[in-house]
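Next come the chains, spelled out residue by residue.
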Amino acid sequence: MSASRDVDWVVIGSGFGGSVAALRLAQKGYSVRVLESGSRFGDQDFARSTWDARRYFFAPRLGLRGIMRLTPFPDVLIASGAGVGGGSLGYANTLYRARDSFFEDPRWRDLADWKTALAPHYDTAERMLGVSDVTFDSDGDILLRELAGALGVEDTYSHTRVGVYLGEPGVEHPDPYFGGEGPARSGCLRCGECMVGCRHGAKNTLVKNYLWFAERLGVRIDAERTVTDVRPLGAPDGSEGYAVTHVPSGALRRGRGERITARGVVLAAGALGTNRLLANCRHCGSLPRVSERLGHLVRTNSESIVAVTAPDDTRDFTASVAISSSIYPDPDTHIELVTYGRGGGAMRTMFTALVGDGTRVTRPLRWLAAIARHPVRFARLLATPNWSRRTVIVLVMQTVDSALRFAPRRRRFGSGVRITTEQDATHPNPTFIPAANHAAGWLAERIGGIPQSGIPEALFNVPGTAHILGGAVIAADPTHGVVDAHGRVFGYQNLLITDGSALPANPGVNPSLTITALAEHTIAHMPATHTPERRPAVEGMRAR
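The structure reproduced in this document is the subject of the present report. Sequence order sets the numbering: in each chain, residues are counted from 1 along the sequence as written. Predicted model: local features are reported for residues with pLDDT of at least 70 only, side-chain atom pairs are reported and counted for 80 or more only, and whole-chain, interface and lining totals are derived from all residues. Excluding hydrogens and water, the side-chain figures rest on all heavy atoms present in the structure.

Some thoughts on the packing of helix H1 (residues 16–27) against helix H13 (residues 512–524)
Running from N to C, H1 and H13 cross one another at 30°; their axes reach a closest spacing of 8 Å. Considering their axes alone, H1 and H13 lie roughly parallel with respect to each other. For the element pair H1 and H13, the recorded crossing hand is right-handed. Taken together, the residues of H13 that come into contact with H1 (itself represented by Phe 16, Gly 17, Val 20, Ala 21, Arg 24 and Leu 25) are Ser 512, Ile 515, Thr 516, Ala 519, Glu 520 and Ile 523. Among the residues making up the contact of H1 with H13, the classes are represented as seven nonpolar, three polar and two charged. Every angle, taken between N-to-C directions, lies between 0 and 180 degrees, and every axis is a line fitted to C-alpha atoms, over only the stretch in contact when it is a helix. The numbering of helices and of strands both runs from the N terminus, where a helix is a DSSP run of H or I of at least 4 residues and a strand a run of E of at least 2. Angle categories are assigned with fixed cut-offs, so that under 35 degrees is roughly parallel, over 145 is roughly antiparallel, 65 to 115 is roughly perpendicular, and the rest are oblique. Whether a crossing is left-handed or right-handed is set by the direction in which the near helix is turned from the far one by less than a right angle, anticlockwise for left-handed and clockwise for right-handed. Any pair of residues with heavy atoms lying within 4.5 Å of one another is described as a contacting pair. Residue polarity is assigned by list, with Asp, Glu, Lys and Arg as charged and Ala, Val, Leu, Ile, Met, Phe, Trp, Tyr, Cys and Pro as nonpolar; anything else, Gly included, falls into the polar class.

A short note on the state of the cysteines
We call a pair of cysteine sulfur atoms a disulfide when they lie within 2.5 Å. Counted according to the given criterion, the structure contains zero disulfides. Cys 188 provides the cysteine sulfur closest to Cys 194, a residue in no disulfide bond, and the two sulfurs are 6.1 Å apart. Relative accessibility decides the category of a residue: with a 1.4 Å probe and only protein chains considered, values under 20% of the type maximum give buried, values over 50% give exposed, and everything between is partly exposed. Of the residues examined, Cys 194 reaches a relative accessible area of 10% and is grouped as buried.

So, H13
For a helix, the expected span equals 1.5 Å multiplied by the residue count minus one. Compared with the 18 Å implied by 1.5 Å per residue over 13 residues, the 18 Å span of H13 between its first and last C-alpha is a close match. Regarding H13, the residues found buried are Ser 512, Leu 513, Thr 514, Ile 515, Thr 516, Ala 517, Leu 518, Ala 519, Glu 520, His 521, Thr 522 and Ile 523. Close packing links the buried residues of H13 with H1, helix H3 (100–103), helix H4 (114–128), helix H6 (210–216), strand E26 (469–471) and strand E27 (495–497).

Here we look at the side chain of Arg 363
Assignment of secondary structure puts Arg 363 in helix H8 (residues 362–373). Whenever two N or O atoms come within 3.5 Å, that pair is a polar contact, provided that in protein one can donate a hydrogen and the other can accept it, and provided that, for residues adjacent in sequence, both atoms are side-chain atoms. Here Thr 431 takes part through its backbone oxygen, which lies 2.9 Å from a polar atom of the side chain of Arg 363. In this structure Arg 363 touches Val 355, Gly 356, Asp 357, Gly 358, Thr 431, Phe 432, Glu 457, Ala 458 and Asn 461, once residues within four positions along its chain are discounted.

Notes on the packing of aromatic side chains
When two rings of Phe, Tyr or Trp (its six-membered ring) have centres within 6.5 Å they constitute a pair, described as stacked for plane angles under 30 degrees, edge-to-face for angles over 60, and tilted for the intermediate range. Going through the model one piece at a time under the given rule, you end up with 13 aromatic pairs. Relative to Tyr 177, the ring of Tyr 165 lies with its centre 6.1 Å away and its plane at 75°, an arrangement referred to as edge-to-face. One end of the pair, Tyr 165, is in the loop between strand E9 (161–162) and strand E10 (172–173); the other, Tyr 177, is in the loop between E10 and strand E11 (185–186), and twelve residues separate them in sequence. The exposure class of Tyr 165 is buried, given its relative accessible area of 14%. The exposure class assigned to Tyr 177 is buried, which follows from its relative accessible area of 14%.

Quick notes on the nonpolar core
Nonpolar cores are built from buried Ala, Val, Leu, Ile, Met, Phe, Trp, Tyr and Cys residues. Side-chain atoms within 4.5 Å join them into one set. Core analysis: the largest hydrophobic core is formed by 90 residues, its most contacted members being Ile 12, Leu 25, Val 32, Val 230, Leu 287 and Ile 497. It is H1 that provides the largest number of residues to this core, a total of seven residues. The contact partners of Val 32, leaving out residues within four places of it in the chain, are Val 7, Trp 9, Val 11, Ala 22, Leu 25, Ala 26, Gly 218, Val 219 and Arg 220. In terms of nonpolar packing, the next biggest core, distinct from the first, is built from 35 residues, Leu 89, Cys 188, Cys 198 and Met 397 among them.

As for the sheet that holds strand E25 (residues 464–465)
In this analysis, strands are considered paired if DSSP registers two or more bridges between them. A sheet is described by the order of its strands in space; here three strands give the open sequence E5-E6-E25, paired in mixed fashion. The open sheet has two edge strands with one neighbour each: strand E5 (68–72) and E25. Sheet analysis places E5 next to strand E6 (residues 77–81), joined by five bridges and oriented antiparallel. The residue of E6 that forms the bridge with Arg 69 is Ser 80.

Considerations on the pattern of salt bridges
Whenever a carboxyl oxygen of Asp or Glu lies within 4 Å of a side-chain nitrogen of Lys or Arg, that contact is scored as a salt bridge. In total, this model carries 29 salt bridges according to the counting rule given. Across the pair Arg 282 and Glu 292 runs a salt bridge whose closest N-O atoms are separated by 4.0 Å. Of the two residues, Arg 282 is situated in helix H7 (residues 270–283) and Glu 292 in the loop between H7 and strand E16 (296–299); the sequence distance between them amounts to ten residues. A relative accessible area of 64% means that Glu 292 is categorised as exposed. Measuring nitrogen to oxygen at the nearest pair gives 3.3 Å for the salt bridge that ties Arg 363 to Glu 457. In this pair, Arg 363 is assigned in helix H8 and Glu 457 in helix H12 (residues 455–460), connecting sequence segments 94 residues apart. Just as Arg 363 is buried, Glu 457 falls in that class too.

Observations regarding helix H5 (residues 139–151)
Over its 13 residues, H5 extends 19 Å from the first C-alpha to the last, a length consistent with the 18 Å expected when each residue adds 1.5 Å. Looking at H5, one finds that the buried residues are Gly 140, Asp 141, Leu 143, Leu 144, Leu 147 and Ala 148. Each buried residue of H5 lies within a common arc of 160° when the element is viewed along its axis, so the set occupies one face. Of the surrounding secondary structure, the elements contacted by the buried residues of H5 are strand E8 (158–159), strand E18 (323–330), strand E19 (333–338) and helix H11 (434–447). Picture the helix axis, draw a direction to every C-beta atom, and the arc is the one those directions span.

A few points about unusual backbone geometry
Located in the positive-phi region is Asn 386, a residue other than glycine, with phi close to 55°. On the basis of relative accessibility, which here comes to 43%, the residue Asn 386 falls in the partly exposed class. Positive phi, close to 60°, is recorded for Asn 461, a residue that is not glycine. Mapped onto the elements of the fold, Asn 461 is located in the loop between H12 and E25.

With respect to the environment of Arg 377
Note that Arg 377 resides in helix H9 (residues 375–382). With 286 residues separating them along the chain, Arg 377 and Tyr 91 place their C-alpha atoms 31 Å apart. Aside from chain neighbours lying at most four places away, what touches Arg 377 is Ile 450 and Pro 451.

A closer look at the sheet that holds E18
As summarised here, the arrangement of the seven strands in space is E8-E18-E19-E21-E17-E24-E20, forming an open sheet in which the pairing is antiparallel. At either end of the open sheet lies a strand with only one pairing partner, and these are E8 and strand E20 (351–353). Pairing geometry for E8 and E18, over two bridges, is antiparallel. If you follow His 159 over to E18, its bridge partner there is Ser 325. Strands strand E17 (304–309), E19, strand E21 (391–398) and strand E24 (450–454) of the sheet are contacted by H11, whose axis makes an angle of about 5° with E17.

In structure tokens:
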């Protein structure tokens, strides 16, 4: 590598795609520096409750430096992760392979036999993330199986595959995954607080696998740094390297920031972060060659999030992992029941009375009508004690072809652009999924509970998602997407994307495993350095 550069590669983001890139590039002999906008957390640092806003939510300008970022747009409310380890800190551990329809989507199926090409990388990702099958039935699982029977799809019921150490509960064991070279782990307590942040050493976050080994190979991770600009040095195609500017996360006055020079850059800031950064770089002239298709084909996994609260403590929905089973009421629809554990109380502020389909005008009216029809039930919901213990969240995902667009708008104050959302003209993102309301209604009737809609959906006709994808998608050429089949940004050299923004279709299941496998595929095509002595081997990281 050129001695005139500070580092061989800068990786922006430390989630699933960024962690893969950091480790694999280091193994290939490159020097790597990771810039992460969130904070670094030890197991003991996570919030005990979502009411601890300072340690759970991420809004650094407000002094909140937790793991959950909520970003509202006109057409979607996006929940995304923050912190060293990215979304793995607060996700629901669920690691499914994508449905066949994902690999066969016409927007990319002609570029490769994707199911075959990604199969070995799925295998690697499953080993690295310690995937195992849930083997117990929680109270929520029993209900979901009953729902499947009522729908005539009991054969689709299955336990989830999760990234959790399911050893002897609460007992610490030497590294069980990487031949003793990884960190010690403790068996899952089944407290259900996976999404609040696992304080018990059971959750297989990226800090305990990919990033663990990356740092032992010399990778430097800088937390609480937000990248504001990426621009080529010398040649406009980036062949002579890049300058990456970063500032403290949440800084009110950013100034010029600090600059790192690198041979190459990996964009892995999550679909939201990568789209924001590229939009700003493209419109400000730093990366003018980025395709005009940037921001198109943004996916939400076509999700709807509703909830059901039981009338008493007879059932304990928290005695589980976050998601422990799922069903398919039809081939395109996937339903999971979710718990935040007893520490998820603040999430009750995100739900209200169940509302049916409508528009931005009629849904608020229907919400008022629902409250008027059942005032006692609504009052009971507001007064419910132990809401988090008594509540199951119903997560519905679909593989249907629906999309949004991230559209750039010039800032009213300051330089650069911000992004907003627009519905895709041909395949708009759904604002209502009947299967979600039907499931919530059936479950509520079964247990004598109260069904609920998400507040953004009920009051504003805006769905929520924790799985924002796309916007910088894989395609055959820059007239259809932003990167090629190997994750290389069209028009540039040594500029890669390894996060969910590259996915061109809805996987229809929790996407973390697919993002990891695709990142493995991308970095596998990078050559090693010509200095093999700089490539220490970590044989033990291949799980046995």
